[in-house]
Amino acid sequence: MQDPQPDFRPLPGQAEDLGPGLRRVLAPNPSAMTFRGTNTYLVGTRGLAVIDPGPDDPGHLEAVLAAVGPGQRVTHILVTHAHLDHAPLARRLAQATGAPVLGFGPATAGRRPVMERLARQGLVGGGEGVDPDFQPDTALADGATVEGDGWRLEALHTPGHMANHLAFAWDDKLFTGDLVMGWASSLVSPPDGDLTAFMASLERLQARHWSVFHAGHGAPVADPTARLAELLAHRRGREAAILAALAEAPATATQLAQRIYTDTPTALLPAAARNVLAHLVDLAEKSIVVADGPLRVDAVFTRR
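Parameters and conventions
Residues numbered from 1 in each chain as written. Predicted model: local features only at pLDDT ≥ 70, side-chain atom pairs only at ≥ 80, totals over all residues. Heavy atoms only, no water. Salt bridge = Lys/Arg side-chain N within 4 Å of Asp/Glu carboxyl O. Helix = DSSP H or I, 4+ residues; strand = E, 2+ residues; numbered from the N terminus. Buried < 20%, exposed > 50% of the residue type's maximum accessible area, 1.4 Å probe, protein only. Domains from an automatic or database assignment. Contact = heavy atoms within 4.5 Å. Buried area = accessible area lost by both parts, 1.4 Å probe. Nonpolar A, V, L, I, M, F, W, Y, C, P; charged D, E, K, R; others polar. Pairing = 2+ DSSP bridges. Axes fitted to C-alpha atoms, helices over the stretch in contact; angles between N-to-C directions. Polar contact = N/O pair within 3.5 Å; in protein donor to acceptor, adjacent residues only side chain to side chain.

All told, the structure shown has 19 salt bridges when counted by the stated rule. Among the ionic pairs, D194 bridges to R112, the shortest N-O distance being 2.6 Å. With D194 in the loop between β11 (173-177) and α4 (195-206) and R112 in the loop between β6 (101-103) and α3 (113-120), this pair connects stretches of sequence that are 82 residues apart. For D194, a relative accessible area of 6% puts it in the buried group. R112 sits in the partly exposed class, given a relative accessible area of 26%.

What follows is the structure, encoded as structure tokens:
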């Protein structure tokens, strides 16, 4: 598969300046889901906010602490969402620095009732790995602000990739976590992922002007307006393809993924099937498709 960002090759563990008061330290956890690895951001010049400490990796902890220079200290630790590649190091970093951990809530916080129901029915897995132990010291509601030494961040509840997902606005810059990335579209895997919420979050971001998106993985998104439009169009195109396929014959999410994701490597087809399932849950809620029983991975869906 072609490299989507061949020029984005930061060295893991080395702090890179991205502009006044902003640095990035790449975690050493590259994969098909995380691209080069998780981006950990340091905001500020003296009192620092660390956004997305990353996976539970002692070497990455040392790298983040090494990026704290003379006269600087970590005052806040912010987590966009409770996936294993973003959240687990927060507690170790808090123990090392004394800074509080801030986030929307534990891994299941913010789920809509339909997703709670799916979870109770046993629809789990298929995602990037949830951190079930994540618990912020301070829960940030939508619109809450966090202020430090010369900086102010606004928490935006942006569910979709995960129910407890937050983005953090810093003036006209936005730390988007895994909601918006430049190198790929986000995985939306029920019950933690919710396509209805995902689309609403993207549309919400369209209502404001942004100069740049700093994503959880990959290079900064230099044209946020275009990227948001592209992602929304991509999902609407997937929906149209799913409905066209179901017009031909009933199918499961896996069967639909095999028919629609024709350019996707075989190893990534299970993730593609979860994305399709997210669309099917959304369409079932809208009474556009119907399952042959409870919503599940192997359910057979029919277009109404």
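This part covers the domain arrangement of the protein chain. The figure often quoted for interface size is the accessible area lost as the parts come together. By the assigned domains, the protein chain splits into domain 1 (14-222) and domain 2 (233-303). Taken over C-alpha atoms, the centre of domain 1 sits 28 Å from the centre of domain 2. The partner domain 2 presents 17 residues to the 23 residues of domain 1 that form the contact. Summed over both partners, the interface of domain 1 with domain 2 comes to about 1,500 Å²; 62% of that surface belongs to carbon and sulfur atoms. The tally of links between domain 1 and domain 2 comes to two salt bridges. Note that R112 and E285 form a salt bridge whose closest N and O atoms lie 2.7 Å from each other. Among the elements that line the side of domain 1 that touches domain 2, the one with the most residues is α4, at five residues. When the residues that make up the side of domain 1 that touches domain 2 are grouped by side-chain class, the tally is 14 nonpolar, seven polar and two charged.

Our next topic: the sheet that holds β11. Hydrogen bonds between backbone atoms are what pair the strands of a sheet, whose relative direction is either parallel or antiparallel. A sheet is described by the order of its strands in space; here five strands give the open sequence β8-β9-β10-β11-β12, paired in mixed fashion. Both edges of this open sheet fall to β8 (145-147) and β12 (212-215), since each of them pairs with a single strand only. Direction aside, neighbouring strands of the sheet carry axes that sit 25° apart on average. Taken together, the four bridges between β11 and β12 define a ladder with parallel strand orientation. In the sheet register, K173 faces β12, and the bridge partner there is V212.

This part is about the side chain of E154. Relative to the assigned elements, E154 resides in strand β9 (residues 152-157). Of the polar contacts made by the side chain of E154, one reaches the side chain of R208; its length is 3.2 Å. Once you skip the residues sitting within four places of it in the chain, E154 turns out to touch G143, A144, T145, A167, F168, A169 and R208.

Further remarks concern the environment of D292. Structurally, D292 can be placed in the loop between β13 (289-291) and β14 (301-303). We classify D292 as partly exposed; its relative accessible area is 49%. Considering only alpha carbons, one finds D292 and T252, 40 residues apart in sequence, at a separation of 9.9 Å. Excluding residues that lie within four positions of it along the chain, D292 makes contacts with A299 and V300.

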